[in-house]
Every structure is written in structure tokens, then in C-alpha cells.
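Survey of secondary and tertiary structure
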Number of protein chains: 2
Amino acid sequence: MLENISSQKIKKMSLPQLSALCEEARQKIISTVFKNGGHLSSNLGTVELTVALHRVFDFPEDKVVFDVGHQCYTHKLLSGRGDKFDTIRKKNGLSGFPKREESEYDCYNTGHAGTSVSAALGIAKARDLAKKDYNVIAVIGDGSFNNGLIYEAFNSLRLLNTRILVILNDNGMSISPTVGSMHEYLEILSENTEQKAKRDKHAKIFERFGFKYDGVYDGNNISKMVEKLTEVKERLKTESVILHVVTKKGKGYEFCEENPEATHGISVSNSDKISVEYSSVLGETLTKIADSDSKIVAVTAAMTSNLGLGEFFGKFPERSVDVGICEEHATILCAAMAAEGLKPYYAVYSTFLQRSFDEIIIDICSQKLPVTICIDRAGISGADGETHQGVFDLSFLSPIPNLTIAVPKDVEEFREMLEFSKDFGAPLAIRYPREGKRVFKHKSKITAGKWEILQNGGQCAVIACGERAVTLALAAAQILEGDGIKIKVINARFVKPLDSEMLGGLDEKYLVTVEDNMLIGGLGAMINNYFSDREKIIKNFAYDDSFICHGGIDELMTEHGVSCGAIVEYIKNAVR
Amino acid sequence: MLENISSQKIKKMSLPQLSALCEEARQKIISTVFKNGGHLSSNLGTVELTVALHRVFDFPEDKVVFDVGHQCYTHKLLSGRGDKFDTIRKKNGLSGFPKREESEYDCYNTGHAGTSVSAALGIAKARDLAKKDYNVIAVIGDGSFNNGLIYEAFNSLRLLNTRILVILNDNGMSISPTVGSMHEYLEILSENTEQKAKRDKHAKIFERFGFKYDGVYDGNNISKMVEKLTEVKERLKTESVILHVVTKKGKGYEFCEENPEATHGISVSNSDKISVEYSSVLGETLTKIADSDSKIVAVTAAMTSNLGLGEFFGKFPERSVDVGICEEHATILCAAMAAEGLKPYYAVYSTFLQRSFDEIIIDICSQKLPVTICIDRAGISGADGETHQGVFDLSFLSPIPNLTIAVPKDVEEFREMLEFSKDFGAPLAIRYPREGKRVFKHKSKITAGKWEILQNGGQCAVIACGERAVTLALAAAQILEGDGIKIKVINARFVKPLDSEMLGGLDEKYLVTVEDNMLIGGLGAMINNYFSDREKIIKNFAYDDSFICHGGIDELMTEHGVSCGAIVEYIKNAVR
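No experiment lies behind these values; they were computed from the predicted model shown.

For the structure on display, the rule yields 7 cavities of 30 Å³ or more. Approximately 200 Å³ is the volume found for the largest cavity. Along the walls of the largest cavity sit 16 residues, with Tyr151 and Phe209 of chain A together with Tyr151, Met182 and Phe209 of chain B positioned nearest its centre. Of all the secondary-structure elements, those providing two or more residues to the lining of the largest cavity are helix 7 (148–160) and helix 10 (204–208) of chain A together with helix 7 (148–160) and helix 10 (204–208) of chain B. Taken together, the residues that form the lining of the largest cavity break down as 16 nonpolar, no polar and no charged. Its boundaries defined by the atoms lining it, the second largest cavity holds a volume of some 80 Å³. What lines the second largest cavity is simply Asn528, Phe531, Ser532, Arg534, Lys536 and Ile538 of chain A together with Asn528, Phe531, Ser532, Arg534, Lys536 and Ile538 of chain B. When grouped by side-chain class, the residues that make up the lining of the second largest cavity number 4 nonpolar, 4 polar and 4 charged.

Set out below in C-alpha cells:
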């Protein structure tokens, strides 16, 4: 039925046909995700909800904003993109997230948690000003519902004087199980499904903010979903509604239902290439050093095990905090614990650390507090696309005074840096990609702001930071050596402070910088600043000034300006 | 009584003595703020609250975190800093905000809204781990209470399994009057003071999150404050409490009581020097262009009139939104309205825009939506110190693809840029300081990414952006001309994109950049990137890599590396 499906056809289907459509969508998602990788369990949980939305509402006239957006696969299947669904998350294929540029059925791009209600309000406000009357819907998971943006948006519903539908897709999970009092409250609401009066009393919180509360506590039942949405659609003419829909994450695929955290995002990887994940090194090392240092605490925002901290949390429950998807709050908690003498480690994905920018400046760095920020998934992260690339961190962190920024060249150096961090006593950020694919033979003691020379040479010096860039630099050096060109390769393992002693001693006229970050504001830019008033010729290999969409890591790096071939080519031309 | 006041003395005072102490503190604050500038009405409102805290609790063993921190003056007077109070907000004097480095009575530095509850939780968690039992208190205004951080912090109280006291200082104002449903809810609570049962029913929201609610609805009554805090202190042994204290902003100073918005922050300025505030130009121009363009909407986060938008909001209420202190939400609202065809203008102080960093990337720029961000108080803002300097914006904005960054050289150019922005059709940021002190005679049509030459010359080119930097550059040029050195002066009115045509045509070997921003990531760094592989000698005048404390704007600029003298000196040595 999926083939040539359309909103018109869905509207004419019988309930058994709708059920069959759900089943077909579910199978399509399972088979595709197992080929392409992607978000499995969140999409399986929302099949019925999405089919019902398409049955009841009139897209694209009506607008739906998917929070985070990783649960939009069924929506893509139903909105004219079924024939391209096999290309999802592949370069030039469909994105795994909503994209305005891909379809008029996607009205607003998402990627980070908690933005959907604000966006729905903005769209509704624009609708009101245009004197139109379409419906605006935000679909948000209970994990995202922990984010402070929700409160800010709810708090302004009345003052915006508009109407929206918020569908709270409650599956009890973000990437990790959902935590916090709001989640406990949602549980109370869904437990009282048969006692309407009691439930209504409990639902007062939402009414304070101007929402009427209603619920479907069996949200994988297509019939109930269609019935309730039909009813709600009528009510939307005069009021805003929050519809609490309880679904089962991973519905219809047994392994997922039992392992929703492990199957939130699946990567397709050629296992030959994997050596070790940086996150396991974080978990292992931090657990080890915490054994002998009771001041060490670990904080995460809803992705404990993805960050490698499952064992730490199990072993030191008192010294572990997962605050839910609240990156700002997590950052301040760390600063305040450090102010009282603890040594907090805040582990987070690079892209989500963007939410903590202000707090890193004000709370951590202006107070010079010894918080270590462990930045995972730094650099290009690949198939999730624009909203998930970790390519801005060096740029936004480097202007912040009092912050030391470390970039290990491999997992072994990462381990050393963690040992080093324990007694560092000042704000420290360590950034690293997901996978460690190579361990280099060079080793030297970690000292803040001190680099190491990996290979000596004369005509040109290549300064690189991080595993991917160091790998490219050494590969380029090897190729050039075959051509009789000997170059120096430097591991710039601290992007801040720069190793000014080493930089000052560089005799080479030609310098090349390589990094897995935007050119503007990154390692290369820092080095350009250092040499601005000297006559060096510096070529920066870093990402060009554009957003980086989804695709394979290597192909995206090359496309955006960072590849071994380009480095070799440049140096050959420069030194001859 | 203020002289040689101590916690011990306060604890022995009779109620009439405490009242007299409050009165003395109030007079001291009024007289000092009228000399030094500073936050008047918020401090007048919290005198009794603070005296009562010192009476009942044992600082510095007990810890108090002041949200934003602008209401800490009485606390400073009572904690051994009375003799230096005359120096407040002066360079090398007391800060107008809490500072750990200033006193052990200040346990956590604040400056931006909403961080106090998170910080109190972090401190309490550290206390628990150290098995100590002191009290931890957050004092937060109802304006800050709108920020999403509060929800994130409340949501994690139970999972942190700790105890804190939150004092909600409700005066109905942030800088602008407080808005939103939470504020309406607080009003309901404070209206039901005599009907305890009814009030308790209403207070259920806080209990959901693990707080017991209590209130003092006459928070400028020292006797009631002492009584209630004494009672609450006992309860804190076993539970967390939110104490709703209703106070009068500006209490005790009639003009303030009647004009709390106008007197939130007062500047001492030599009136000869003032010509016009950029904010008035924003208000006037935006109101004018909105007259003929119904797609223009304006959004602010709790400081409408400080941003010059009072008239606009009055004239176009439907097209105006003040969301309260919710910078992230405001940013997304703008993006979503732009996605539906509107032309939103988001006006905000530079320092607070740091909160929107992630949303500028994801919501506005990755979708390439035509939002204009009007960044007020950019550059050094002066007496408020570290947490309020607007010196990072060029650094954090420049790495973001699809964003154009404009920096007008004077209020007239700002006006032109606003006209230009109307049909620009893509993300645009315009940054400017508070005061316009000079209008330059040069004028030329605004084109994105095109600079203008203000003065021709041969030996050296100075590239400057923004009124302060352009002023310094032209002053330096004049001085140098007296010495027979002729330099070129360029107004780099777009920091992104750079005017590569003009840069490419520069024959001067020596270039100088001047800006009112950090060196790392600013205009100079962008130009260093441009010339990295060419043999130019570039000297950057921008702020060094340190936090900029409170003081006068000119003295701070000089101290951190940006002054006419330094530019003249450098160029003299360079070109000779």
C-alpha cells in the first residue's frame, strides 16, 4: 500500500487497511534502517501516531513540527518520499530529519531537543497574522519534554494568544530512560486513565499554561489514535490542546522493545575498521581514576551509556547525575559542584554542547572552575547531517578566556589526558570523535599547551589536531616522502593555549594546518592569529563556510576541504 | 549601624534596630547608586529580605546564590564590604555583582538569568557528598523565573535527592514587567494569602517537583521576613522549600516605586558626550519601515524599552512579542515566523545572545531564514563587568554559515542598514554599542559584504569595524598625519562576508585591524585567515584573552589592548 500512497488515499482507507499500512511502514523502516543505519525504535513507536495524523489532518496545509525530528520516517513514507526511502541518510539521499528543502510536507527543520513547541507557536502566530486557519502541531517525546525550552514556550502560549496542538509522545525514553519529576508526573497521568476526574485534577499543570489536556494511553492503537485526533481537531478551532500519547518505543520489533536505548541510533560500520570507541575509554578511565579520587563526579544530559558512562554510573551512583536533556542546567550543576571543591566531568556530544555556550563562559570559565568537559562526537559525525555535526566546538570554545582545549591524537592519548585532567585544577575541554581507528606509536608526557613532533622534516610543517587530522597529515607525509619531500608533522594536542614555544621555533616558511572543525575560529585560525605579523605562508585545511549535510564521514571531509589528496597536492606545489 | 556591622551583631538586634538597619542600608544604596550608577530598584526591594537572611542564616557557612546578582548590594553591605561600598562598579572597586574572588560570602558568581537554582542544587549536592549540613539558598526574581533553566533545575531536584531553599522574590518585574502564565500563576498565589487551603491547592505545581510552598506576601516587612525564615530554616532540615516573597521593586524611593523599569539600571554619563542611543534609532527606524511592510514583527526577551522598542510595541501590538527572559525560545519563535514568510527582528543585548547560540545555528542559519538579529550593548559595556560585556558576539557568530554580520560605523549607518535589512531575505546580525557619540561625514550605499574607504593613504591600511574602532582608527590617522604618515582607513562594516574584492586589492604591506571584540574569532582573525598564505604583516587591535571586569569603557578598552595610542605607536614603528 505504501507505493503511491497519498493523503487522499489514507483518508479513504478502512481501519483494517490503516492497520495494514502501519504494518507495511513498520517493516519498511526496519529493513531500511538495517541497511542504512538510523533511528529505529523511535520511528517504530510512532507509526500509528503518524498514520493517524495523516488520516485526520490535511498536510501540507496543516503543519507538523517533529521535535528533534528523528521520528519522522513514517511521515516521509506517507508524504511522497517512499520511492527515495532507500536513500535515507546516504549522501544526496533523503535526510534522516525533517528538511524544508526536501518536501513541502516538512515545514520546519529540527535536530536538537525541545524546539518544536516554540516553532509551532511561531508558525501559529504567523498564521494568525495572515488571518489563515490551518492547524499547527508539535510532536514531542517525553525526553525532550524535560528541556527548559518547553517551559519557555508553554509560558508564552497565552501571551501569544494563539492555538496549537502539542502531541506528547510518551515512551519513557530519551536516548536514556527519561528522568525527573515531570516524567514522574506523566506516569501519574497515564496511570489514571480510567478515572477521568482524578486525571483531570492531576492535569491542572497544563491548564495553568492554557492547554487543555487529553490522552491516548494506547498510542500504538491506530483506531484509538484516529478517533481521538478527529475529536481534538474540532477542539483546536477554539483552544490549544496537549495530547498525551503513550507509545512503545521500538514497537513491533522485539529486540528494540527490549533494548530501546541500544537501538535508538544504529550505525552501519565495517567491523574491520573499528578499533575502539573513545566513549569506552572515557568510561573505563574515569571509573578507574574515580576509584582513588572521591572528588570526581560525572554529569550527563540523557545519554549516559552512549557516552560510555554506564559502568561509572553503576559503580558510583552518588557521584553520577543524568539530568535529562538539559545541557544548560548540567553545565551549571558542574560549575557549582566545582565551586564547592568537587571535580566534575561533563560528558556531552559536541553538537549539544552548543546549548551550553553561555554557561561555559559565565559559570565555568569566568569563575575559572575545574570542570572537565568531555566532548564526544566532535568533528563530522556523518549520517545525521547538518544538525548533528560537531564542527563548531573549537570555534566557539577558543575565544573563551581561562579555558584549556585539548584534542587527543588517539585513544591512548585521550586516556593520558584524562589522567592529566584530574589534577589540572582549571576549566578544560577535551574533544574527540566517536571512533578510534588508529593508535600512533608516538607517546610523550602531557603538559598543558605543549605539542609533540611526530615526524621531523624540513621544507614544510604540518600542524594537525585530533585523530582524523593527524592520520591525514601522516598519510600525506608518507606519500610526499615517496616524492622526495620531507615534511614535519606536529600533533597540536592543545588548541588552546597554543604551543608558542614550538611555534616560535618553526623555521619552515610553509605551514599547513589540518583539523576536523570549521576553518573560521578553529586551530588554523588560531595559528593564523599567532603568525599574522610574520611572513609565513600558511594553508589551512578545515571545513569551508557551509553547513555539512548527511553522508559518509570521509566523503564529507573531502567535499568540505579536508583530505589527504588536497594536502599532498598543496605541499607539492608550494615547496617546489 | 552599618559601620562595622557583622552577622553576630545582626543576630543580637531588636526588631526596631533591624528596621533602622534596613533604612540605613536603603539610604546608603540610594546615595551610592546616584553617584556610581548601578541597579537601584531591585536592590531597594530586597533590603528586608537580605537583612532577614543575615539575621536567620549563618553566612558564609550557609550559602546564598543571588540570581542575576544585581540585587546583592545589601548583602555586600552586611558582609564586611561596607567600607568599600563607595567604590562599587568603579575600576578596581567592588563589583556590582557577586564575586567569589571578592568575599567568602559570595559563593557563586552570577550575571545571567535563571542560573541560581541549578547552582544551588550543585552546591547542595557537593555538600551532601561531603556529608556536611549547611543550608543552600537561591534568591531569584519573578523575571528570571520565566527562564527555562528553572524548569530544568526544578525537574531534577528529586533525582539529585537533596535539599535547598528557593526564595522567589516576586516584584512583578524583570527589566520590563514580567509576562507569561507562570507570572499569572504567581499572582493567583499571592492573591490568596488569607485562604490557606485555597492557596495550598494552587501551590500543587511546586509540590510536583518536590518543593513545599510557603509565602510572605509583605516581603518588605522585616518582622514577617525574620519570622518566616526562622520557621523555614527548621523545615530545611528535612525538605526543600520555595518561599514566595512579594516585594516592592524600588521600595523606599518614590520615583523608583513609580518607575521601576526606568530605574532598573542607571548610568552616570557626562551629558556632553551623549548624542543618541542606537536603541532609539532601532525603535524609530523599525517603526517607520513596519508602517509600510506588514511582514515586520519584533521580538524581545524582557527588555523592550531598553532596546528602544516601546513605540513599536505600542503601535503594533499584534506584531510585537516580549516572551520574558527566554532568549532561546525568542530565537526559535523568530525562525518559525520567518519560515512562514514574516520578517522578524530579534532585539537583544550581546551578552544575552550567548544563550541563543545553538538556535542561531540550527533554527535560523541552517534553514537560512530571514531573521534580523539586532545586537545592542555590543563591545565593552562597562560597569556591569565580566558577565555583561558584549565582546564575544563576532567570535561566536562568524563561524556560522549563511549568516551575514553587519557592524555600522555610526547611528546613521545603522539606520541605513535597517532599511537594507528589510529586503535582505537571509539571516542577518547587526551589532552596535549602547551610545552613538559621533556621526561621520562619509556615507555610501549599503551592499552586503562591501566596505567603504574613509580615508586614502599609502603606507598602511587600518581596517576597523563599529563606531568605537572607527573613531580610534580615524583619530590615529589624524595624529599620524601630523607626523607625516598617511594611512588608509577602511570601514569594515560587514565582518561577514569580508569584502574580498577590497582586501584583494590592498597594496599596503602593513595592515592594522581594530575592533571592539575579542581578538580570537573577531574581525582581525577573519582578516588573518584571508591573508594567511600571503606575505602581509597584520597587527590586530582587539581584546586580549582574558575576562574584562567592571570599569569605564575607555579605560577597559585601553587596558585590554585597544587604544588610539597603541595604534599610533605600532604604525609609527612599523612603517619607519
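Quick look at a positive patch on the surface now. On the surface, Lys198, Lys201 and Lys204 of chain A together with Lys198, Lys201 and Lys204 of chain B cluster together to form a positively charged patch. Where the positive patch is concerned, the elements lending two or more residues are helix 9 (196–202) of chain A together with helix 9 (196–202) of chain B. Summarising the element assignment, Lys198 of chain A is placed in helix 9.

Let us look at the environment of Lys486 of chain A. All names here are of chain A. Mapped onto the elements of the fold, Lys486 is located in the loop between helix 20 (467–482) and strand 16 (487–491). Using a relative accessible area of 39% as the deciding quantity, one classes Lys486 as partly exposed. Taking the C-alpha atoms as reference points, Lys486 and Gln455, 31 residues apart in sequence, are found 9.2 Å from one another. What Lys486 contacts, discounting residues up to four positions off in sequence, is Gln455, Asn456, Gly457, Gly458, Gln459, Cys460 and Glu481.

Counting buried residues along strand 19 (residues 537–543) of chain A, 6 of its 7 residues qualify, which places the element largely inside the surrounding structure. Viewed along the sheet, the connection from strand 18 (residues 510–518) of chain A through helix 22 (residues 523–530) of chain A into strand 19 of chain A turns out right-handed.

We now examine the environment of Val575 of chain A. Residue and element names in this part refer to chain A. Of note, Val575 is situated in helix 24 (residues 564–575). A sequence separation of 41 residues divides Val575 from Arg534, and the C-alpha atoms of the two residues are 19 Å apart. Non-local contacts of Val575, meaning those with residues more than four positions away in its chain, are made with Gln459, Cys460 and Ile485.

Once that is clear, we can look at the relation of the copies chain B and chain A. Of the two same-sequence chains, chain B is brought onto chain A (RMSD 0.0 Å, axial shift 0.0 Å) by a rotation of 180 degrees. Those values place the two copies in the arrangement expected of a two-fold rotation axis. Within chain B, Gly148 of chain B has its C-alpha nearest the rotation axis, a separation of 1.9 Å. A share of 100% of the interface residues of chain B reappears at the interface of chain A, consistent with the copies meeting face to face through the same patch.

Residues and elements named next belong to chain B. With mixed pairing, 7 strands are arranged side by side in an open sheet as 8-7-9-10-12-11-17. Of all strands in the sheet, those bounded by a partner on one side alone are strand 8 (320–322) and strand 17 (494–496). Sheet twist, expressed as the average angle between the axes of neighbouring strands with direction ignored, equals 20 degrees. Summarising the sheet, strand 7 (residues 296–300) and strand 9 (residues 343–349) pair through 4 bridges and their orientation is parallel. Paired with Val297 across the bridge in strand 9 is Pro344. Lying over the sheet, helix 13 (residues 278–292) contacts strand 7, strand 9 and strand 10 (372–376), oriented at roughly 150 degrees with respect to strand 7.

Scoring rules and cut-offs
- Residues numbered from 1 in each chain as written.
- Chains lettered and ligands numbered in written order.
- Predicted model: local features only at pLDDT ≥ 70, side-chain atom pairs only at ≥ 80, totals over all residues.
- Heavy atoms only, no water.
- 1 Å grid on protein atoms, 1.4 Å probe; cavity = no way out; pocket = protein on both sides within 12 Å on 5 of 7 lines; lining within 4 Å.
- Points joined across faces, edges and corners; volume = space filled by probe spheres on them.
- Helix = DSSP H or I, 4+ residues; strand = E, 2+ residues; numbered from the N terminus.
- Nonpolar A, V, L, I, M, F, W, Y, C, P; charged D, E, K, R; others polar.
- Patch = residues over 30% accessible without salt bridge, like charges linked within 9 Å, V, L, I, M, F, W, Y side chains within 5 Å.
- Areas by Shrake-Rupley, 256 points an atom, 1.4 Å probe, with all protein chains shown as cover.
- Salt bridge = Lys/Arg side-chain N within 4 Å of Asp/Glu carboxyl O.
- Lys, Arg positive; Asp, Glu negative; His and termini not counted.
- Charge placed at Lys NZ, Arg CZ, Asp CG, Glu CD.
- Buried < 20%, exposed > 50% of the residue type's maximum accessible area, 1.4 Å probe, protein only.
- Contact = heavy atoms within 4.5 Å.
- Right-handed = clockwise from strand over helix to strand, strands pointing away.
- Least-squares fit on C-alpha atoms with pLDDT ≥ 70 in both.
- Pairing = 2+ DSSP bridges.
- Axes fitted to C-alpha atoms, helices over the stretch in contact; angles between N-to-C directions.

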